[in-house]
Protein chains: 2
Amino acid sequence: MLLDFNRMPSQTWSEFKGGAGDTVVRMYKDVSNRIMFMKLEPGSSIDYHRHEDSSEIIYVMQGTATGTYDGVEEIIEPGMCGYCPAGHSHGIENKGDEDLVFFSVVSEKQANQTL
Amino acid sequence: MLLDFNRMPSQTWSEFKGGAGDTVVRMYKDVSNRIMFMKLEPGSSIDYHRHEDSSEIIYVMQGTATGTYDGVEEIIEPGMCGYCPAGHSHGIENKGDEDLVFFSVVSEKQANQTL
């Protein structure tokens, strides 16, 4: 199934998850996955939150993300992922001076798998 | 959790899923997700296969992928995704003359969710 983020309309979420500024999102979602092309302008953030029964994978393509994962800061640069498995918490902030552009996949209902 | 694909060792899978040539992969996996930075050289392919109880999301960053999704050809260019939900089939081929580079997420056990 083809998803063309180049042509998909964008949505703007203000103060997403209690963060600062705007999160600009192009999103496809179904019952299993949310697939998102996202942009955070300098100074914008998605506040720290817990993924109870979903996981989130963020792949940074441009800019630098200052992430927080289970309370610990991590710097996510192009070519790196910030991964938040189910049962963990994360947030992300653009402290840089260029747009932060990343691709994100949120997969639902992954909490109760057999380890 | 930080995953740095810039520093992760690569694996080479020859004739992956019965396809042609080499698939070069940098991968992190756990019970819920396989998170992969992948490269297919010109002429290489991942043959058509079914995702029974997992989904796969491919985000193309460089080159052009000739995909097949449920038997129908689709051209996946940079900024586009090829999405194969659980219960569907897909394959991918690099018919171009430059490397095909893409980011991929395979999420496990997504077949029996309530629609």
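Located above this text is the structure these notes cover.
Residues numbered from 1 in each chain as written. Chains lettered and ligands numbered in written order. Predicted model: local features only at pLDDT ≥ 70, side-chain atom pairs only at ≥ 80, totals over all residues. Heavy atoms only, no water.

S.K.: Is there a simple way to explain unusual backbone geometry in this structure?
M.R.: Glycine aside, residues mostly have negative phi, and peptide bonds are mostly found in the trans state. Residues other than glycine seldom take positive phi values, yet Asp-70 of chain A does so here, at roughly 50°. On the secondary structure map, Asp-70 of chain A appears in the loop between strand E7 (65–69) and strand E8 (72–76). (Helix = DSSP H or I, 4+ residues; strand = E, 2+ residues; numbered from the N terminus.)

S.K.: In this structure, what is going on with the pairing of strand E6 (residues 54–62) of chain A? I would like to understand it.
M.R.: Within a regular beta strand, the side chains point alternately toward one face of the sheet and then the other, so they alternate between its two faces. Residues and elements named next belong to chain A. Burial analysis of E6 places seven of its nine residues in the buried class, which makes it a mostly covered element. Here E6 pairs with strand E11 (residues 100–108) via eight bridges, running antiparallel. Paired with Glu-56 across the two strands is Val-106, which belongs to E11. Relative to strand E9 (residues 80–84), E6 runs antiparallel, the two sharing four bridges. Each bridged residue has a counterpart across the sheet, and for Ile-58 the counterpart in E9 is Gly-82. (Buried < 20%, exposed > 50% of the residue type's maximum accessible area, 1.4 Å probe, protein only. Pairing = 2+ DSSP bridges.)

S.K.: How should I be thinking about the interface of chain B and chain A in this particular structure?
M.R.: For an interface, size is often stated in terms of accessible area lost upon the parts coming together. The partner chain A presents 37 residues to the 37 residues of chain B that form the contact. Both faces considered, chain B and chain A share a buried interface measuring about 3200 Å² in area, 57% of it formed by carbon and sulfur atoms. Our count for the contact surface shared by chain B and chain A stands at zero salt bridges. For the side of chain B that touches chain A, the secondary structure elements donating two or more residues are strand E1 (2–4), strand E4 (33–40), strand E6 (54–62), strand E8 (72–76), strand E9 (80–84) and strand E11 (100–108) of chain B. Taken together, the residues of the side of chain B that touches chain A sort by class into 22 nonpolar, ten polar and five charged. As defined by bridge partners, E9 of chain A adjoins E1 of chain B across three bridges and the pair is classed as antiparallel. Within E1 of chain B, the position partnered with Cys-81 of chain A by the bridge is Leu-3 of chain B. (Contact = heavy atoms within 4.5 Å. Buried area = accessible area lost by both parts, 1.4 Å probe. Salt bridge = Lys/Arg side-chain N within 4 Å of Asp/Glu carboxyl O. Nonpolar A, V, L, I, M, F, W, Y, C, P; charged D, E, K, R; others polar.)

S.K.: Would you take a moment to explain the packing of aromatic side chains for this structure?
M.R.: Both the distance between ring centres and the angle between the ring planes are used here to describe each pair of aromatic rings. One pass over the full model with this rule turns up 15 aromatic pairs over all chains. Centroid distance Trp-13 of chain A to Phe-16 of chain A: 4.6 Å. Interplanar angle 50°. Geometry classified as tilted. In this structure Phe-16 of chain A comes out as partly exposed when scored by relative accessible area, which is 21%. Ring geometry for Phe-103 of chain A and Phe-103 of chain B: centres 6.3 Å apart, planes at 85°, overall edge-to-face. Separated into two different chains, Phe-103 of chain A in strand E11 and Phe-103 of chain B in strand E11 make up a pair that spans both. What makes Phe-103 of chain A buried here is its relative accessible area of 1%. Following the ring pairs from residue to residue traces out a cluster consisting of Phe-5, Phe-37, Tyr-59 and Phe-103 of chain A together with Phe-5, Phe-37, Tyr-59 and Phe-103 of chain B. (Phe/Tyr/Trp six-rings, centres within 6.5 Å; stacked < 30°, edge-to-face > 60°.)

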